[in-house]
Amino acid sequence: MRREEYIADETVVRRVNAAVRIELEKKKALDIPIVVYDRETQVIYHESNDGTRVELGKRMRKERYSERIAKET
């Protein structure tokens, strides 16, 4: 591919956001629960269309991967 044929980063981000929005709408229409991560409480939930949430798990580690690797070396 030539340099002129690449798409801009903003376009890629816009397309990804649209794809995620469409997938969430599809799951909602088919009454399929989605998995949601709450950043504040750091808990993973199964969320149904009626708004009920079932806790699946909690975040296992606090730091980033690069921070863990730096500690090991």
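Cut-offs applied
Residues numbered from 1 in each chain as written. Predicted model: local features only at pLDDT ≥ 70, side-chain atom pairs only at ≥ 80, totals over all residues. Heavy atoms only, no water. Pairing = 2+ DSSP bridges. Helix = DSSP H or I, 4+ residues; strand = E, 2+ residues; numbered from the N terminus. Patch = residues over 30% accessible without salt bridge, like charges linked within 9 Å, V, L, I, M, F, W, Y side chains within 5 Å. Areas by Shrake-Rupley, 256 points an atom, 1.4 Å probe, with all protein chains shown as cover. Salt bridge = Lys/Arg side-chain N within 4 Å of Asp/Glu carboxyl O. Buried < 20%, exposed > 50% of the residue type's maximum accessible area, 1.4 Å probe, protein only. pLDDT = per-residue confidence, 0-100. Axes fitted to C-alpha atoms, helices over the stretch in contact; angles between N-to-C directions.

A word on the pairing of strand 2 (residues 43–47). Note that strand 1 (residues 34–38) and strand 2 share five bridges and pair antiparallel. What sits directly across from V35, in strand 2, is H46. Where strand 2 meets strand 3 (residues 53–58), five bridges bridge the pair, whose relative direction is antiparallel. Bridge pairing links Y45 to E55 in strand 3. Linking strand 2 back to strand 3 in an antiparallel pair, the connection comprises five residues, with G51 at a positive phi of about 100°.

With that settled, the discussion passes to a nonpolar patch on the surface. Residues I7, V12, V16, V20 and L24 make up a contiguous nonpolar surface patch of roughly 390 Å² in combined accessible area. Tracing the chain through its elements places I7 in the segment before helix 1 (9–29). Taking the relative accessible area as the measure of exposure, I7 reaches 45% and is therefore partly exposed.

Moving on, we get to the confidence of the model for the protein chain. Regions with low pLDDT carry predicted coordinates that are not meant to be interpreted in detail. Model confidence for the protein chain is summarised by a mean pLDDT of 86, while 95% of its residues fall at 70 or above. In the model of the protein chain, helix 2 (residues 65–72) stands out as the element of lowest mean pLDDT, 72, in contrast to helix 1, which has the highest, 94.

A word on the sheet that holds strand 3. Read from one edge of the open sheet, three strands run 1-2-3, paired in antiparallel fashion. In this open sheet, the two edge strands, each paired with only one partner strand, are strand 1 and strand 3. Mean inter-strand twist for the sheet, computed between neighbouring axes without regard to direction, equals 30°.

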